[in-house]
Amino acid sequence: MFGVSCAPELFQKVMETIIAELEGVIVYLDDVVVSGRTQTVHDNRLEALLDRLESYNVLLNRDKCQFNVQVWIFLGHNLSVNGVRPVESRVSAVAKFREPANAAELRSFLGLVTYVGRFIPHLAAKIDPLRQLLRKGVTFQWTVKQQAAFDSIKEAVFQIKNLGFFDPKDVTILVADASPSGLGAVLMQEDSLKVRRVIAYASKSLTDLERKYFHTEKEALALNDGYSGCSPIVLKLCMNLGLRTLLMPYQDCQHPHQQHLTTEMNVIPKALQNRILELSHEGHPGIVVMKRRLRQKVWWPGMDKEVEKIVKGCKECILVSAQDSPEPLKRTTKPWAHIAADFMGPLPSCHNLLVLIDYFSRFIEVIIMREITAKLTVQALHETF
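Parameters and conventions
Residues numbered from 1 in each chain as written. Predicted model: local features only at pLDDT ≥ 70, side-chain atom pairs only at ≥ 80, totals over all residues. Heavy atoms only, no water. Helix = DSSP H or I, 4+ residues; strand = E, 2+ residues; numbered from the N terminus. Buried < 20%, exposed > 50% of the residue type's maximum accessible area, 1.4 Å probe, protein only. Contact = heavy atoms within 4.5 Å. Areas by Shrake-Rupley, 256 points an atom, 1.4 Å probe, with all protein chains shown as cover. Pairing = 2+ DSSP bridges. Axes fitted to C-alpha atoms, helices over the stretch in contact; angles between N-to-C directions. Parallel < 35°, antiparallel > 145°, perpendicular 65-115°, else oblique. Left-handed = near helix turned anticlockwise from the far one by under 90°. Nonpolar A, V, L, I, M, F, W, Y, C, P; charged D, E, K, R; others polar. Patch = residues over 30% accessible without salt bridge, like charges linked within 9 Å, V, L, I, M, F, W, Y side chains within 5 Å. Salt bridge = Lys/Arg side-chain N within 4 Å of Asp/Glu carboxyl O. Lys, Arg positive; Asp, Glu negative; His and termini not counted. Charge placed at Lys NZ, Arg CZ, Asp CG, Glu CD. Phe/Tyr/Trp six-rings, centres within 6.5 Å; stacked < 30°, edge-to-face > 60°.

Draft legend 1. The overall build of the protein chain, seen in detail. Scanning the protein chain from N- to C-terminus turns up 13 helices and 15 strands. Counting every position in the protein chain, which comprises 385 residues, the buried fraction comes to 32%. For the protein chain, restricting intrachain contacts to residue pairs at least 6 apart in sequence, the fraction spanning at least 24 positions comes to 47%. As displayed, the protein chain has an accessible area near 25600 Å², and 57% of this comes from carbon and sulfur atoms.

Draft legend 2. Main features of the sheet that holds strand β14 (residues 352-358). With respect to topology, three strands assemble into an open sheet ordered β13-β14-β15, the strand pairing being antiparallel. For this open sheet the edge positions go to β13 (339-344) and β15 (364-369), each flanked by a neighbour on one side alone. Each adjacent strand pair in this sheet contributes to an overall mean axis angle of 15°, direction not counted. Two strands pair when backbone bridges link them, and β13 and β14 are joined in this way by six bridges, in the antiparallel orientation. For A341, the partnering residue across the bridge sits in β14 and is L356.

Draft legend 3. The arrangement of unusual backbone geometry in detail. For the bond running from G345 to P346, omega is 5°, close enough to zero to count as cis. Looking at the element boundaries, P346 is found in the loop between β13 and β14. For H122, which is not glycine, the phi torsion reads 55° and is therefore positive. If you trace the backbone, H122 turns up in the loop between α4 (103-115) and α5 (123-131).

Draft legend 4. Structural detail: the packing of helix α3 (residues 88-95) against helix α6 (residues 144-158). Here α3 crosses α6 at 160°, and the two axes come no closer than 9 Å. The orientation of α3 with respect to α6, classified from their angle, is roughly antiparallel. Between α3 and α6 lies a crossing whose hand is left-handed. Counting all contacts with α3, which are made through V91, V94 and A95, the residues of α6 involved are K154, V157 and F158. Looking at the contact of α3 with α6, its residues break down into five nonpolar, no polar and one charged.

Draft legend 5. Representation of a negative patch on the surface. A cluster of acidic side chains, namely D43, E47, D51 and E54, defines a negative patch on the protein surface. Relative to the assigned elements, E47 resides in helix α2 (residues 39-55). Using a relative accessible area of 49% as the deciding quantity, one classes E47 as partly exposed.

Draft legend 6. Molecular detail of the sheet that holds strand β4 (residues 77-80). Ordered in space as β3-β4-β5, the three strands form an open sheet in which the pairing is antiparallel. The strands lining the two open edges of the sheet, one partner per strand, are β3 (72-74) and β5 (83-86). Going across the sheet, the axis of each strand differs from the next one's by a mean of 35°, ignoring polarity.

Draft legend 7. Expanded view of the environment of H77. Mapped onto the fold, H77 is located in strand β4. Along the chain, H77 and V87 lie ten residues apart, while their C-alpha atoms are 5.2 Å from each other. In this structure, H77 is in contact with W72, V84, R85, V87, Y115, R118 and F119, ignoring residues within four places of it in sequence.

Draft legend 8. Seen up close, a nonpolar patch on the surface. On the surface, W336, I339, F363 and F385 cluster together into a nonpolar patch covering about 400 Å² of accessible area. The residue F363 is located in the loop between β14 and β15 in this model.

Draft legend 9. Quick peek at the packing of aromatic side chains. Applying the stated criterion across every chain, the model contains five aromatic pairs. Each ring, one from F97 and one from F109, has its centre 5.3 Å from the other, and the planes form 55°; the classification is tilted. Of the two residues, F97 is situated in the loop between α3 and α4 and F109 in helix α4; the sequence distance between them amounts to twelve residues. On the accessibility criterion, F97 (18% relative accessible area) is buried. Here W336 and F363 contribute two aromatic rings whose centre-to-centre distance is 6.0 Å and whose plane-to-plane angle is 70°, an arrangement assigned as edge-to-face.

Draft legend 10. Layout of the pattern of salt bridges. Here the structure, examined in full by the defined rule, presents eight salt bridges. The salt bridge involving E105 is made with R98; its shortest N-O contact spans 2.7 Å. In this structure, R275 and E278 form a salt bridge, with 3.5 Å as the shortest nitrogen-oxygen distance. Here the residue R275 and the residue E278 both occupy positions in helix α9 (residues 270-280), the gap between them amounting to three residues, near one helical turn. Taken together, the shared-partner salt bridges in this structure form one network comprising E190, K194 and R196.

Draft legend 11. Structural detail: the side chain of D358. Counting through the fold element by element, D358 comes out in strand β14. Setting aside chain neighbours within four positions, we find D358 in contact with P335, W336, A337, H338, I339 and F363.

Encoded structure:
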């Protein structure tokens, strides 16, 4: 088993088989953890584990064993009765990181931040000014904007709070939202007393293509990425138990002109109308597409007129909508005055065909060529004409 690439997976499978059906026992490779709500429960579970390991002839290193601990480090996280938090070494590494001088150092800093990203809300929005320096063709220039984002991330790391433990018996809630630059999600659980606790945060920066999505599409993407951003164990439990999702919609109400709209619409108050128009205007889609987007979800009096006013006053929309008229096709008056030429192939015989078509007579001339180079092409044309 050892010495092959699949050895860790096989070892994990063997250990899971050994501890199968033991309550309060989890294993990750050669790390075995026993937990209990009371000392008696813990001791009973520990004794059952030791008996099981002895029956399988599994030996333990006494010097590496820890018993009756209230706080311990497991897989880079500090676990205690108060919840989960990253180990101090991870936090101090981010806190002591100096200002990046180049793109390589910035990538190293973002890698450290990503490790503790599940503990930081709105991380995508915080790191967006830094990620702009990593875009292709962008010159690395550290400005006040990047410094503010750098300091904000460090402050967020200092203020990290403990996350709760996942309990399959509690209600699971996934709340997601989207902004023009990133997605954010938070996985929470609600106990029998209706008290909510945060299990994990998730965030993602949008690509250039995703930034063009309509806002409702971004929110759907945030739900999908927030769901897939959870740990595999939590994902499996959520799939088995059913996941309750919240998007925080506006209050629904009936609209009188239902033949043009859906049966239930979100009537937007005056204070939010400008923001909705800005979101629907992302990507400069034009009047028709912008109206269609809005009519599917929202309504307020005079909405169509405001859309037309915004689009007609936007220079980018005017440039996008303006179509260049095609050049008129000039009629030829004699053969071989204007020709079209293109290569066809390669053929199964590895040859290529140089196809010439006369615009006047539609006569076709085909030249077989073994290689395609500028010199040979000019030579073939000279031989033809």
